[in-house]
Amino acid sequence: MPYALFCNDAQISKTYPSEADVWTLAHRSGLVVDLAPDEDGAGPRRILDNDYEIKPCPAGPGEDPARNKADAERESRNELEFNS
């Protein structure tokens, strides 16, 4: 099942093939926060800022999660080229 980014139960991103793909998108968008290590010393944890969540959801009509992932990766590479 594909995954997407949600805020207050509203889907705010396209669907992607895996939860890891959405984490990558959220990180690039500045929505991931690192918390200090817990008392158990497990190291820092990554969480989503504010009320953002990553949830499984069906792809919309005509939407292809694999194509969304490829498009996001291509856009990310283009941004890196422009910033260099």
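Residues numbered from 1 in each chain as written. Predicted model: local features only at pLDDT ≥ 70, side-chain atom pairs only at ≥ 80, totals over all residues. Heavy atoms only, no water.

Before going further, it helps to examine the overall build of the protein chain. A count of helices and strands for the protein chain gives two helices and five strands. Put simply, the protein chain runs from its N terminus to its C terminus through helices and strands in the order β-β-α-β-β-β-α. Residue burial in the protein chain is summarised as follows: out of 84 residues, 26% are buried. Considering only residue pairs separated by 6 or more positions, the protein chain has 53% of its internal contacts joining residues 24 or more positions apart. Summed over its atoms, the accessible surface of the protein chain is roughly 5800 Å², and 49% of this surface lies on carbon and sulfur atoms. (Helix = DSSP H or I, 4+ residues; strand = E, 2+ residues; numbered from the N terminus. Buried < 20%, exposed > 50% of the residue type's maximum accessible area, 1.4 Å probe, protein only. Contact = heavy atoms within 4.5 Å. Areas by Shrake-Rupley, 256 points an atom, 1.4 Å probe, with all protein chains shown as cover.)

Scanning the model with the defined rule gives four salt bridges in all. The partner of Glu53 in a salt bridge is Lys55, with the nearest N and O atoms 3.8 Å apart. Via salt bridges that share partners, Asp9, Glu53 and Lys55 belong to a single interconnected network. (Salt bridge = Lys/Arg side-chain N within 4 Å of Asp/Glu carboxyl O.)

Bringing the packing of aromatic side chains into the picture now. Here the structure, examined in full by the defined rule, presents zero aromatic pairs. Note that Lys55 overlies the ring of Phe6, its terminal NZ or CZ placed 5.0 Å from the centroid. (Phe/Tyr/Trp six-rings, centres within 6.5 Å; stacked < 30°, edge-to-face > 60°. Lys NZ or Arg CZ within 6 Å of the ring centre and 35° of its normal.)

Let us now look at the sheet that holds strand S2 (residues 10-11). Ordered by their spatial adjacency, three strands build an open sheet running S2-S1-S5, and the pairing between neighbours is antiparallel. In this open sheet, the two strands that pair with only one neighbour each are S2 and strand S5 (52-56). As paired strands, strand S1 (residues 3-7) and S5 are joined by five bridges and run antiparallel to one another. The residue of S5 that forms the bridge with Phe6 is Glu53. Contacting S1 and S5, helix H1 (residues 19-28) crosses the sheet at an angle of about 45° to S1. (Pairing = 2+ DSSP bridges. Axes fitted to C-alpha atoms, helices over the stretch in contact; angles between N-to-C directions.)

Mapped onto the elements, Ala10 comes out in strand S2. Taking the relative accessible area as the measure of exposure, Ala10 reaches 37% and is therefore partly exposed.

Attention now moves to the side chain of Thr15. With respect to the helices and strands, the residue Thr15 is situated in the loop between S2 and H1. For Thr15, a relative accessible area of 0% puts it in the buried group. With near-sequence residues (within four places) excluded, Thr15 lies in contact with Pro2, Tyr3, Ala4, Cys57, Pro58, Ala59, Glu63, Pro65 and Asn68.

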